[in-house]
Amino acid sequence: MRSFISVLALFFIIVSTSSALTYTVKKGDNLGKIAKKYGVSVKSLIQVNNLKKPYIIRPGQKLKIPVKGKKRSSYKCVLKHKVKKGESLIKIAKKYRVWVKDLKKINNLKSDRLYVGQVLCIKKGKIKKSTNKKSFYIKKKKIVTKRIIRYRVKKGDSLSKIAQKYNTTVSRLIKLNNLKKPYIIRPGQRLKVEKREVTYVEEVVKRRTVPFGFIWPVEGKVINRFVNNAKKRHLGIDIKTECSSPIKAAEDGKVIFAGDSIKAYGNLIIIKHAKRFNTVYGHVGKIAVKEGQTVKKGDVIGFTGKLNNSDLCGVYFEIRKNAVPVDPLVFLSKKNDSKKLN
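Going along each chain's sequence as written, the residues are numbered from 1 onward. Residue-level local features of this predicted model are given only where pLDDT is at least 70; pairs of side-chain atoms are given and counted only at 80 or more, and the full residue set underlies all totals for whole chains, interfaces and linings. Only hydrogens and water are set aside when side-chain values are computed; all heavy atoms of the structure are taken into account.

*Asks:* Before we move on, could you go through a positive patch on the surface and cite the residues and values that matter?
*Replies:* A contiguous patch of positive charge on the surface is contributed by Arg150, Arg152, Lys154, Lys165, Arg190 and Lys192. Going along the chain from the N terminus, every DSSP run of H or I of four or more residues is numbered as a helix, and every run of E of two or more is numbered as a strand. When contributions to the positive patch are tallied by element, the ones reaching two or more residues are strand 5 (136-152) and strand 6 (190-206). Mapping Arg190 onto the fold places it in strand 6. Buried means the residue's accessible area, taken with a 1.4 Å probe over protein chains only, is under 20% of the maximum for its type, while exposed means over 50%, and partly exposed covers the values in between. Assessed through its relative accessible area of 46%, Arg190 is described here as partly exposed. Patches were defined on residues exceeding 30% relative accessible area and lacking a salt bridge, with like-charge contacts within 9 Å and nonpolar side-chain contacts (Val, Leu, Ile, Met, Phe, Trp, Tyr) within 5 Å. Surface accessibility follows the Shrake-Rupley procedure with a 1.4 Å probe radius. Residue values consider only the protein chains on display as shielding. What makes a salt bridge here is a side-chain nitrogen of Lys or Arg within 4 Å of a carboxyl oxygen of Asp or Glu, nothing more. Under the counting rule used here, the positive set is Lys and Arg, the negative set is Asp and Glu, and His together with the chain ends is not counted. Taken as the charge centre is NZ of Lys, CZ of Arg, CG of Asp or CD of Glu, depending on the residue.

Here it is, written out as structure tokens:
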């Protein structure tokens, strides 16, 4: 029985620590400071890390941070900043054009105090559930920061050597230090040096979605064009195809009509789209959607039938803007692109 309890206890320890974070101890850290940062108790830190009295921790030591019972966040940090000497929350907020209160909120800060080396999350982004194709990708963003440091000249140093060491220029050193010709420097002399620091942060970049625009409903040849004048009214285009060819939704939308009650069109489908557009599909051989159904661009909504009681198969296609028919060829690409969303 005792051995069973021991195994059970070990199981709970493994479960409670399997989702733990790992933190590397920095100079000036203590258990209280670390516990406060992560919103955990000192006792839980001691237990998870099996620390012994007097509970001394050292720089470089790795500690497990328990996150038992916390729900995994649906957000991740997409822009980070490492705190440097002399920086404050106000200064960092100004640099990234954000509010101090927002910085404190997303970093769970209880006060304005920061320490050198602390990593702050500047911006969060929601993680979308994965699909067959990810809607985002991770991009490494380069951030270059400059700061002025003091450098003590050593024996054998020259302006060019110092410039090369700090990835700056001799002219910049001369200007910063107001040096006069012949620009002699001596061991022990203190120089101002502009130090460039390059850091890379991961940034979530959304993939560009397919922009709003109509695709050809079928592959085929236009045999009757749009005409609207005193002599003739043909408010769409007739596209000739093979019989029973799939008809595709020209854009995302909602089916607002699917039936044969309007005899001039035979079997008819009407889809309502964004930006006050409708598309009309007439002389459909077989309807494959229902009224009220939401469709995506490229979805099959039916199959071609006989064009206007002729022996030719195809579909009659209209685009309407604010209920007014417009020439579909103005909105469709010159090349029939209905294959693109197969």
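Don't stop here, the text continues.
*Asks:* Could you give me a rundown of the pattern of salt bridges, with the residues and numbers involved?
*Replies:* As enumerated under the stated definition, the model contains 4 salt bridges in all. A salt bridge links Asp112 to Lys104, with the shortest nitrogen-to-oxygen separation between them at 3.0 Å. In this structure, the salt-bridge partner of Arg172 is Glu194, at a minimum N-O distance of 3.0 Å. Linking Arg172 in helix 7 (residues 170-177) with Glu194 in strand 6, this pair joins segments that are 22 residues apart in sequence.

*Asks:* Help me get a handle on the packing of aromatic side chains, residues and values and all.
*Replies:* Given two aromatic rings, one states the distance between the centres and the angle between the planes to describe the pair. Between the rings of Phe, Tyr and Trp (Trp by its six-membered ring), a pair exists once the centres lie within 6.5 Å; its type follows the angle of the planes, with under 30 degrees stacked, over 60 edge-to-face, and the other angles tilted. In this structure the tally under the stated criterion is 8 aromatic pairs. Where Tyr151 meets Tyr166, the ring centres are 5.8 Å apart and the plane angle is 70 degrees; that geometry is what we call edge-to-face. Highlighted residues: Tyr151 in strand 5 and Tyr166 in the loop between helix 6 (159-165) and helix 7, separated in sequence by 15 residues. The same class applies to Tyr151 and to Tyr166, which are both buried. On the numbers, 5.3 Å between centres and 75 degrees between planes, the contact of Phe214 with Phe277 is edge-to-face. Here the residue Phe214 occupies a position in the loop between strand 6 and strand 7 (221-224), and Phe277 occupies one in strand 14 (residues 277-282), the gap between them amounting to 63 residues.

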